[in-house]
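# Summary of structural features
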Amino acid sequence: MSEVLIVDDDHNFGETLRELLSDAGYQTRIATNAEEGIALLQTTTPDLTLCDLKMPGGGGEQFLKSLQSEGLLTTMPVIILTAHGTGPNAMQAMQLGAYDFITKPLDIDLALATVARAVRHMELQREVEVLRQQRFKDSSLDDLTEPEGGVKPQLIGNSPAWIDVFKNIGRVAATDVGVLLLGESGTGKEVVARAIHQNSARSSRPFIILNCAALPPELLESELFGHERGAFTGAVVQKRGKFEAADDGTIFLDEIGELPLSVQPKLLRVLQEHTFERVGGTASIHADVRVIAATNRPLEDDVEQKTFRADLFYRLNAFTVRLPPLRERPSDILPLAEYFLARYAQRNQFASTGLSADTVVTLQNYSFPGNVRELEHLIERAAVKAGGRAITAELIREELARERSTAQGLFDAQAAERLPFHDAVASWERHLVEQAITASHGNKSDAARRLGIHRRLLYQKLADLGIQ
């Protein structure tokens with residue numbers, strides 16, 4: 001029978017939790033603060049600890065640090081409990097080595113499932129130790145412990161879906177594992193990539209960003225790996241690439257699904273051997289770079305269609321973080337909107353008067369196909385029109401109606417006939433592009449497929465037409 005240590009200063013909560021765990025078949029012990037819990041560990045060896053984050057006389061942070069210093073976190077999972085379920089708290093707990101983080105009041109089914117998973121984690125750890133002693137190491141089981149250390153990144157949101165993102169940042173940041181970020185356009189993939197870098201041992205080194213969809217294939221290889229003088233027409237001087245610039249740091253490859261097949265083997269070699277040659281060069285260059293990649297579409301489909309190498313996909317997919325769309329985290333809309341409004345007010349040096357109560361309801365009832373980026377632009381436009389007054393629901397509805405009419409309005413052929421030829425063509429192109437973007441809910445890859453054009457051409461059209 002597995003034994004669980006409960007560390008919580010709330011006597012009633014502790015007894016309720018003891019009863020719940022006993023009914024589920026666990027033995028339990030109770031301590032009322034971190035010091036008492038640590039003292040109990042001198043005489044007992046529980047399989048798991050449930051510890052409150054905030055307690056008089058020492059809370060979860062002190063408890064985790066003590067276990068960390070004594071090397072006990074690798075042999076006993078700790079689940080942090082708290083009534084203050086914020087993203088930074090969750091991430092801090094994971095960085096200090098907690099197994100998981102759950103909020104009060106408890107969802108009983110979720111709490112029991114988390115306890116069972118943690119106990120199974122402990123069993124696997126013991127199996128690994130047995131295998132080590134028998135000299136049969138199973139590499140798939142060697143990485144079960146959680147990372148430690150790091151600093152809190154500035155990410156906004158406390159919804160359960162977003163707290164999971166904080167947890168994953170806490171788990172992976174201090175390691176050197178490659179990360180694949182999955183999420184729709186506008187969900188904050190670059191912000192999360194930067195947070196992972198800032199919380200890693202490479203934080204003092206460069207953080208380099210490259211959007212793989214923003215450059216044509218013939219320039220992308222040179223941008224990534226550099227080129228020698230005379231390597232191609234226009235290469236009048238030697239150029240260092242992004243990987244050289246990012247040495248000892250992190251490179252963020254956005255829209256990795258747009259990486260041409262011709263460049264993929266060279267990227268795979270960098271990931272495996274940390275070496276490459278500049279375009280037109282023969283000398284091998286060493287670069288110790290952590291790669292964080294991002295995509296808004298399932299790369300498995302590209303692998304199946306043989307437009308993306310399977311070996312590169314598995315190499316990039318060492319650790320996956322899924323970023324939820326804004327419609328899955330409606331409770332985060334208000335803090336995000338307030339942040340964007342305050343930032344806009346600060347940049348433009350006027351006092352922000354905030355959002356009216358009905359504005360918040362209106363925002364939370366909207367699906368935001370463009371996600372956080374769409375919310376940011378919406379708040380900025382509304383702030384301009386509000387002129388320093390509170391942003392009302394009516395103003396938000398006007399802006400949303402304007403967006404819909406712009407994206408979904410019928411093409412006015414008669415008006416176009418009165419335009420010069422090139423202006424009429426641009427008007428028709430704008431109509432087609434906006435229709436495709438709306439129909440695909442902001443997913444540019446899907447919009448490009450609907451239009452029957454390459455994604456890079458769509459990006460160019462969006463830039464030329466001034467469409468956000």
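Residues numbered from 1 in each chain as written. Predicted model: local features only at pLDDT ≥ 70, side-chain atom pairs only at ≥ 80, totals over all residues. Heavy atoms only, no water.

### Observations concerning the pattern of salt bridges
- Across all of its chains, the model carries 29 salt bridges by this definition.
- Between Arg 297 and Asp 302 there is a salt bridge whose closest N-O contact spans 2.9 Å.
- Within the structure, one salt-bridge network assembled from shared partners comprises Asp 100, Arg 117, Asp 164 and Lys 167. (Salt bridge = Lys/Arg side-chain N within 4 Å of Asp/Glu carboxyl O.)

### Here's the deal with the nonpolar core
- Phe 63, Val 78, Ile 80, Ile 169, Leu 181, Val 192 and Ile 196 are the most contacted members of the largest nonpolar core, which totals 44 residues.
- No other element matches the 6 residues that helix H6 (residues 160-172) contributes to this core.
- Excluding residues that lie within four positions of it along the chain, Ile 196 makes contacts with Ile 169, Val 172, Ala 173, Val 179, Leu 181, Arg 290 and Ile 292.
- In this structure, Leu 224, Leu 267, Ile 285 and Val 289 belong to the second largest nonpolar core, which totals 30 residues. (Core = buried A, V, L, I, M, F, W, Y, C linked by side-chain atoms within 4.5 Å. Buried < 20%, exposed > 50% of the residue type's maximum accessible area, 1.4 Å probe, protein only. Helix = DSSP H or I, 4+ residues; strand = E, 2+ residues; numbered from the N terminus. Contact = heavy atoms within 4.5 Å.)

### Some remarks on the environment of Glu 15
- One can find Glu 15 in helix H1 (residues 11-23).
- For the pair Glu 15 and Thr 28, spaced 13 residues apart in the sequence, the C-alpha separation amounts to 10.0 Å.

### So, unusual backbone geometry
- Put simply, Lys 104 and Pro 105 share a cis peptide bond, and its omega is -10°.
- If you trace the backbone, Pro 105 turns up in the loop between strand S5 (100-103) and helix H5 (108-133).
- The residue Lys 306 is not glycine, and still its phi comes out positive at about 60°.
- One can find Lys 306 in the loop between helix H11 (299-304) and helix H12 (310-316).
- The phi dihedral of Asn 371 falls on the positive side, at around 60°, and the residue is not glycine.
- Here Asn 371 lies in helix H15 (residues 371-386).

### A closer look at the side chain of Asp 254
- With respect to the element layout, Asp 254 can be found in strand S8 (residues 250-254).
- Buried charge without a partner: Asp 254 forms no salt bridge, and the closest opposite charge is Lys 189, 5.3 Å away.
- Discounting residues that sit within four places of it in the chain, Asp 254 has contacts with Lys 189, Leu 210, Asn 211, Cys 212 and Ala 294. (Lys, Arg positive; Asp, Glu negative; His and termini not counted.)

### Brief notes about the sheet that holds strand S12 (residues 319-322)
- One open sheet holds the 5 strands; their spatial order is S7-S8-S11-S6-S12, and the pairing between them is parallel. The sheet is open, and its two edges are formed by strand S7 (207-211) and S12, each paired on a single side. Shown here is a sheet whose adjacent strand axes are inclined to one another by a mean of 20°, direction ignored.
- Both strand S6 (residues 179-182) and strand S11 (residues 290-295) contribute to a ladder of 4 bridges, which runs parallel. The residue bridging Leu 182 from the neighbouring strand is Thr 295, located in S11. (Pairing = 2+ DSSP bridges. Axes fitted to C-alpha atoms, helices over the stretch in contact; angles between N-to-C directions.)

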